Every structure is written in C-alpha cells, then in structure tokens.
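Commentary on secondary and tertiary structure
Chain by chain, the residues:
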Amino acid sequence: MRQAPPYVPGHQLLAGKSVLITAAAGAGIGFAAAKRCAEEGCRALMISDIHPRRLEDAVERLKAETGLAEVYGQLCNVAVESEVQALIAAAEDCLGGVDVLINNAGLGGQKRVTEMSDEEWSRVLDITLTGTFRMTRAMLPHMQQRGRGVIVNNASVLGWRAQKEQAHYAAAKAGVMALTRCSALEAAEFGVRINAVSPSIALHDFLKKASSEELLAQLASREAFGRAAEVWEVANVMVFLASDYASYMTGEVLSVSSQQA
C-alpha cells in the first residue's frame, strides 16, 4: 500500500472568489473543501450544517487554521426548502454574492433492497439528490443574473458501479450526475458552469462509524494505490473544478479514484 502524498500548499486558485459549501462542519469532504478553498485564497466563505455546535466549532477552526477572517456559518437542512432559501439569502448577503457553490450534503446507509423501507429510500434520495437539486435551483438565478458562477456537486463512483446494500445511495448519486449534466446545459448560456466529482472511497470519521472495518478494508484494497483517498485529495479536485483552470469544463463528472470507473 502506498502512503498518501504530502499535503499540497495552496496556489491562490480561488483568489478573490466567494464560496458556499453545504454540510461542511464535520470531518469529511465538506470541511476539507472549506479549508482548501480558504487556503486557495477565497475572499469569503460560508459553510452550512444541521448541527449548531459542530457548525460553530468548524467556523472557528477554519478561521484559526487558515487565517481567513470572513468565515460564516448558517444552519441548513437541504431537505427543507425554506432553510435552503434562507441559506442562499444569507450567503448572497454576507459574501456579497456567491461565486462558487459546492453541494456536498448527502446521506448514505447500508440496507438490502428487500429489507429497505419506503422511508429509508426516500430519506437518502431527498437529502442526497433532491437536496442538491434544491440548492442548485435556488442558487442559479443569482449566478445567471450576474453572468458567472460555478457549482460543484459531490457525486460518487457508486453512480456508475454496483455495490450490495447501496441501491438507495447509488441511485441518488447517479441522479446527481444526471442533474449535473442537464443543469449544466441550461446554465451554460448564462456563463455558469456546473460539474461534479465522483469519489470512490475517502476515509473520514463518519464513514468509519457507518461502515464496518472489513468493508472499508475491502473497498480500499480494490484501489490501485491500496488505500482510500484522503478527504483533501477529493477537495483538491473540487477546487480545480471551481477555479478558472477548468473554464472550458461543464456538465462533466470527474472520477476521483485510483481505479477505472
């Protein structure tokens, strides 16, 4: 197994831009993306989450670890339309307009199809897919009016691959991919880009709690490097898509994986 490479320093890829990220107060990809955006020179940052204390702690950590003073937090459940609208309004106000939206909120789980209830199916779809749709629908009019903006969605290789006990999550992430491609065509005429990342496996505390050690080891062993990705390795690709280096890319889904999709 190859070890993860050293953490890459920032190169000001997002200098002068404002960023909004959903579900970014934990130990996963969302927080890693927020930290990376600050390190890449964004002028202002807002993160959302559903946990008040965790959100407050994350805002303070980001300020302390990156030196960015303009970091804001806003409670938001992406399954509730009124909270989505409140988040977008707060971000537009606090950030002076949103240049980059990263739709990171999602929910997984493990359950066989024959044992899955309607409620379990609907909850994963509502947060992971419909939540991404709600955020995109609410954000696009603002970006389109300004004639610029970038949306980066967090999908998953399970949108392409099959895995037992993941039908609801895989269906939701495949939907995120389709939403990305279709909404990108609609937004392109306004100068707005929409892309997605599709990670295979990125280890963080929540995933370790939700999955068995045996399953995580099995998934990591399938990767060419023999290890799971670090969350910041996924965040790096999100930053690339959000930056002007990806100016000709829209409607694309980039696999962040060391094996072919």
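As named in an unreviewed UniProt entry, the chain is 3-oxoacyl-[acyl-carrier protein] reductase, taken from Pseudomonas oryzae. Its UniProt record gives the chain a comment under Sequence similarities (unreviewed entry), which states: "Belongs to the short-chain dehydrogenases/reductases (SDR) family."

On to the sheet that holds strand 5 (residues 149-154). Reading across from one edge, 3-2-1-4-5-6-7 is the order of the seven strands in this open sheet, with parallel pairing throughout. Two strands close off the open sheet at either side, each with one partner strand: strand 3 (71-75) and strand 7 (253-256). For this sheet, the mean angle separating the axes of adjacent strands, direction not counted, is 20 degrees. Pairing analysis gives four bridges linking strand 6 (residues 192-199) to strand 7, with the strands arranged parallel. Looking at the pairing, Ala 196 lines up with Val 253 of strand 7. Most of the contacts of helix 2 (residues 52-66) go to strand 3, to which it runs at about 170 degrees, and overall it touches strand 2 (44-49) and strand 3.

Glancing now at the environment of Met 139. You can see Met 139 is positioned in helix 4 (residues 118-146). For Met 139, a relative accessible area of 0% corresponds to the buried category. In this structure the C-alpha to C-alpha distance between Met 139 and Glu 40, which are 99 residues apart in sequence, comes to 22 Å. If we ignore the near neighbours within four places in the chain, the residues touching Met 139 are Ile 88, Glu 92, Val 98, Leu 101 and Arg 146.

Quick look at the pattern of salt bridges now. Using the criterion set out here, one finds 13 salt bridges in the structure. Between Glu 39 and Arg 36 there is a salt bridge whose closest N-O contact spans 3.1 Å. Of the two residues, Glu 39 and Arg 36 are both situated in helix 1 (residues 29-39); the distance of three residues between them amounts to about one turn of the helix. Owing to a relative accessible area of 22%, Glu 39 belongs among the partly exposed residues under this scheme. For Arg 36, a relative accessible area of 1% gives the class buried. The partner of Arg 227 in a salt bridge is Glu 233, and the shortest N-O contact between them spans 3.0 Å.

As a further point, take the nonpolar core. One broad rule of soluble globular proteins: the nonpolar side chains tend to lie buried together. Counting 37 residues, the largest nonpolar core has Val 19, Ile 21, Cys 37, Leu 45, Ile 47 and Ile 102 as its most contacted members. When contributions to this core are tallied by element, the ones reaching two or more residues are strand 1 (18-21), helix 1, strand 2, helix 2, strand 4 (100-103), strand 5 and helix 8 (231-242). Among all residues touching Ile 102, those that are not within four sequence positions of it are Leu 20, Ile 21, Thr 22, Ala 33, Cys 37, Val 152 and Met 238. By size, the runner-up hydrophobic cluster in this structure holds 32 residues, among which are Val 84, Leu 107, Val 124 and Leu 140.

Here the focus is the side chain of Arg 134. Its location among the elements puts Arg 134 in helix 4. Here Asp 126 takes part through its side chain, which lies 2.7 Å from a polar atom of the side chain of Arg 134.

Residues spaced three or four apart along an α-helix point in a common direction, a consequence of the helix completing one turn every 3.6 residues. Given a rise of 1.5 Å per residue, 15 residues ought to cover 21 Å, and the 21 Å separating the end C-alpha atoms of helix 3 (residues 81-95) matches this to within 8%. Turning to helix 3, the residues buried within the fold contact strand 1, strand 2, strand 3 and helix 4. Count one or two residues on from helix 3 and you reach Gly 96, which has phi positive near 70 degrees.

For the structure on display, the rule yields one aromatic pair. Measuring from ring centre to ring centre gives 5.0 Å for Tyr 7 and Trp 232, while their planes differ by 65 degrees; the resulting arrangement is edge-to-face. One end of the pair, Tyr 7, is in the segment before strand 1; the other, Trp 232, is in helix 8, and 225 residues separate them in sequence. Stacked on the ring of Tyr 7, the Lys or Arg Lys 35 has its end atom at 5.6 Å from the ring centre.

The next point concerns the pairing of strand 6. Of all eight residues in strand 6, eight are buried, a share of seventy percent or more. Taking every second residue as pointing to the same face, both faces of strand 6 are buried, with Val 192, Ile 194, Ala 196 and Ser 198 on one and Arg 193, Asn 195, Val 197 and Pro 199 on the other. One ladder, built from six bridges, connects strand 5 with strand 6; its direction is parallel. Within the sheet, the bridge partner assigned to Val 150 lies in strand 6 and is Arg 193. For the handedness criterion, the β-α-β arrangement of strand 5, helix 5 (residues 167-188) and strand 6 is classed as right-handed.

Positive phi is not limited to glycine here, since Gln 12 has a value of about 60 degrees. Mapped onto the elements, Gln 12 comes out in the segment before strand 1. At Ala 23, a position not held by glycine, the phi torsion is positive, near 50 degrees. Tracing the chain through its elements places Ala 23 in the loop between strand 1 and helix 1. The class for Ala 23 is partly exposed, based on a relative accessible area of 28%.

The rules we used
- Residues numbered from 1 in each chain as written.
- Predicted model: local features only at pLDDT ≥ 70, side-chain atom pairs only at ≥ 80, totals over all residues.
- Heavy atoms only, no water.
- UniProt positions renumbered as here; feature names shortened; annotations may be inferred.
- Pairing = 2+ DSSP bridges.
- Helix = DSSP H or I, 4+ residues; strand = E, 2+ residues; numbered from the N terminus.
- Axes fitted to C-alpha atoms, helices over the stretch in contact; angles between N-to-C directions.
- Contact = heavy atoms within 4.5 Å.
- Buried < 20%, exposed > 50% of the residue type's maximum accessible area, 1.4 Å probe, protein only.
- Salt bridge = Lys/Arg side-chain N within 4 Å of Asp/Glu carboxyl O.
- Core = buried A, V, L, I, M, F, W, Y, C linked by side-chain atoms within 4.5 Å.
- Polar contact = N/O pair within 3.5 Å; in protein donor to acceptor, adjacent residues only side chain to side chain.
- Expected span 1.5 Å × (residues − 1).
- Phe/Tyr/Trp six-rings, centres within 6.5 Å; stacked < 30°, edge-to-face > 60°.
- Lys NZ or Arg CZ within 6 Å of the ring centre and 35° of its normal.
- Right-handed = clockwise from strand over helix to strand, strands pointing away.

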